Amino acid sequence: MEQTQTSHNGSATATPGAQRRVLVVEDDATIVDAIATRLRAEGFLVQTAGDGPAAVDTAEAWQPDLLILDIMLPGFDGLEVCRRVQAARPVPVMMLTARDDETDMLVGLGVGADDYMTKPFSMRELAARVHVLLRRVERAAIAAATPRSGILRLGELEIDHAQRRVRVRSEDVHLTPTEFDLLVCLANTPRAVLSREQLLAEVWDWADASGTRTVDSHIKALRRKIGAERIRTVHGVGYALETPTP
């Protein structure tokens, strides 16, 4: 097990990530050092773990605000780490994978990951996505504490903004925070086609078109949960939420 911890330097000008805890789980020392160095420069508190059991133990003891989690790990893999950590305490998870394998991405999203990045990746983009993911979690907490009147009903699909719950045919559907925000974004303008770039900007606050694969994978995960027929693909453009004809 590899663990390090850094504390904020107490300077008068706090950086955006000040006092937020990030657990980096990765068995490649070069990669973990690069990630930890960049996040510390952003003002985050960082610990690292190099295998599955150490990751679960550290998450339980340290209570991080976010996990950066490699899929391929000694002991047991990142998917199992994600399952165990999420079962104990919901926490946003950024998955890392060495393979550009859509199956890995969908499985990761299915066990509770909120976003993923495929190696190799830029540290600038990783840091940006960490900030975005934490902001989205904060917005979700504020939204949950801010009552909104009514429930949006689109045929057999119900979206409860106040409780951040989704039902299909009156059955609850578990969505990750990212999936919920993606569905709401589509539902705000039903039948209207939103480009991948629009969705990336609205849901992820990320304007770089290199991230559109992230949108595609989350759409596929969302389709599996609410029904593939409810989200229409417009090839070469983007996606639209289908609604019953009046």
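Owing to the predicted nature of the structure, the values given are computational and were not obtained by experimental measurement. (Residues numbered from 1 in each chain as written. Predicted model: local features only at pLDDT ≥ 70, side-chain atom pairs only at ≥ 80, totals over all residues. Heavy atoms only, no water.)

Turning next to the sheet that holds strand E10 (residues 194-195). The strands making up a sheet associate through hydrogen bonds between their backbones, and the pairing can be parallel or antiparallel. On the basis of which strands lie adjacent, the open sheet formed by 3 strands has the order E10-E12-E11 and antiparallel pairing. Taken across any chain shown, the strands that pair with only one partner, and hence form the sheet edges, are E10 and strand E11 (231-234). Pairing geometry for E10 and strand E12 (residues 238-241), over 2 bridges, is antiparallel. Bridge assignment links Ser 195 to a residue of E12, and that residue is Gly 238. Strands E10, E11 and E12 of the sheet are contacted by helix H6 (residues 177-187), whose axis makes an angle of about 75° with E12. (Pairing = 2+ DSSP bridges. Helix = DSSP H or I, 4+ residues; strand = E, 2+ residues; numbered from the N terminus. Contact = heavy atoms within 4.5 Å. Axes fitted to C-alpha atoms, helices over the stretch in contact; angles between N-to-C directions.)

Okay, the pattern of salt bridges next. This model, assessed by the stated rule, comprises 19 salt bridges. With its nearest N and O atoms 3.3 Å apart, the salt bridge here joins Glu 80 to Arg 83. In this pair, Glu 80 and Arg 83 both sit in helix H3 (residues 78-88), 3 residues apart, roughly one turn of the helix. Classification of Glu 80 by relative accessible area gives partly exposed; the value is 23%. Since its relative accessible area comes to 40%, Arg 83 is described here as partly exposed. Across the pair Lys 225 and Glu 179 runs a salt bridge whose closest N-O atoms are separated by 2.8 Å. Of this pair, Lys 225 sits in helix H8 (residues 212-226) while Glu 179 sits in helix H6, and the two are 46 residues apart along the sequence. Overall, Glu 179 belongs to the buried group, its relative accessible area being 0%. (Salt bridge = Lys/Arg side-chain N within 4 Å of Asp/Glu carboxyl O. Buried < 20%, exposed > 50% of the residue type's maximum accessible area, 1.4 Å probe, protein only.)

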